[in-house]
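Close look at the chain arrangement
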Amino acid sequence: MITCTSCVQALYPYIDRELSEEDIVQVRQHLDDCPGCLHMFQFQEYLGRIVRVRCREQLAPDSLRARIMASFQTERMRREVRRPDRRRVSAE
Ligand SMILES: [Zn+2]
């Protein structure tokens, strides 16, 4: 049986699935018997999920930026179409 300290230390690798089969079994057994560590595990897993969601959300601004860039270029093209008219007016 592992102690609470080693269980808590193993939580991150446990969540990241970096533990060996033996360690996974030991952590799982400890979590079954220890509500305190189980709570800690659920909290860490919850945090990990938030981080993963945040990482996914970071992709959104990229596509948003792409859309802004696209509309900016459309706007610039429209302005460039207008410009020759102005030049012709000033040339007269
Ligand atoms: Zn414990």
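Note that the coordinates shown come from a computational prediction; the quantities given were computed from them, not determined experimentally. (Residues numbered from 1 in each chain as written. Predicted model: local features only at pLDDT ≥ 70, side-chain atom pairs only at ≥ 80, totals over all residues.)

1. Points about the packing of helix α1 (residues 4–15) against helix α2 (residues 21–33)
Helix packing for two helices is described by the angle between their axes and how far apart those axes are. Remark: α1 packs on α2, axes separated minimally by 10 Å, with the N-to-C direction vectors making an angle of 120 degrees. As judged from the angle between their axes, α1 and α2 are oblique. The handedness of the crossing between α1 and α2 comes out as left-handed. Along its contact with α1, which presents Cys7, Ala10 and Tyr14, the element α2 presents Asp23, Ile24, Val27 and His30. Its residues assigned to classes, the contact of α1 with α2 comprises five nonpolar, one polar and one charged. (Axes fitted to C-alpha atoms, helices over the stretch in contact; angles between N-to-C directions. Helix = DSSP H or I, 4+ residues; strand = E, 2+ residues; numbered from the N terminus. Parallel < 35°, antiparallel > 145°, perpendicular 65-115°, else oblique. Left-handed = near helix turned anticlockwise from the far one by under 90°. Contact = placed C-beta atoms within 7 Å. Nonpolar A, V, L, I, M, F, W, Y, C, P; charged D, E, K, R; others polar.)

2. Things to note about the nonpolar core
Of all hydrophobic cores here, the largest spans seven residues; its members are Cys7, Ala10, Leu11, Tyr14, Val27, Cys37 and Phe41. Among the secondary structure elements, those contributing two or more residues to this core are α1 and α3 (35–57). Excluding residues within four positions of it along the chain, tyrosine 14 makes contact with Leu19, Ile24 and Val27. (Core = buried A, V, L, I, M, F, W, Y, C linked by C-beta atoms within 7 Å. Buried ≥ 20, exposed ≤ 12 C-beta atoms within 10 Å, placed from the backbone.)

3. Digging into unusual backbone geometry
The backbone of arginine 17 shows a phi angle near 55 degrees, a positive value even though the residue is not glycine. Residue position: arginine 17 is located in the loop between α1 and α2.

4. Topic: the environment of threonine 3
With respect to the helices and strands, the residue threonine 3 is situated in the segment before α1. Classification of threonine 3 as exposed rests on a count of 11 C-beta atoms within 10 Å.

5. Structural notes on the confidence of the model for the protein chain
Overall, the prediction assigns the protein chain a mean pLDDT of 82, with 83% of residues at 70 or greater. Element-level pLDDT for the protein chain is lowest in helix α4 (residues 59–91), with a mean of 70, against a maximum mean of 96 in α2. (pLDDT = per-residue confidence, 0-100.)

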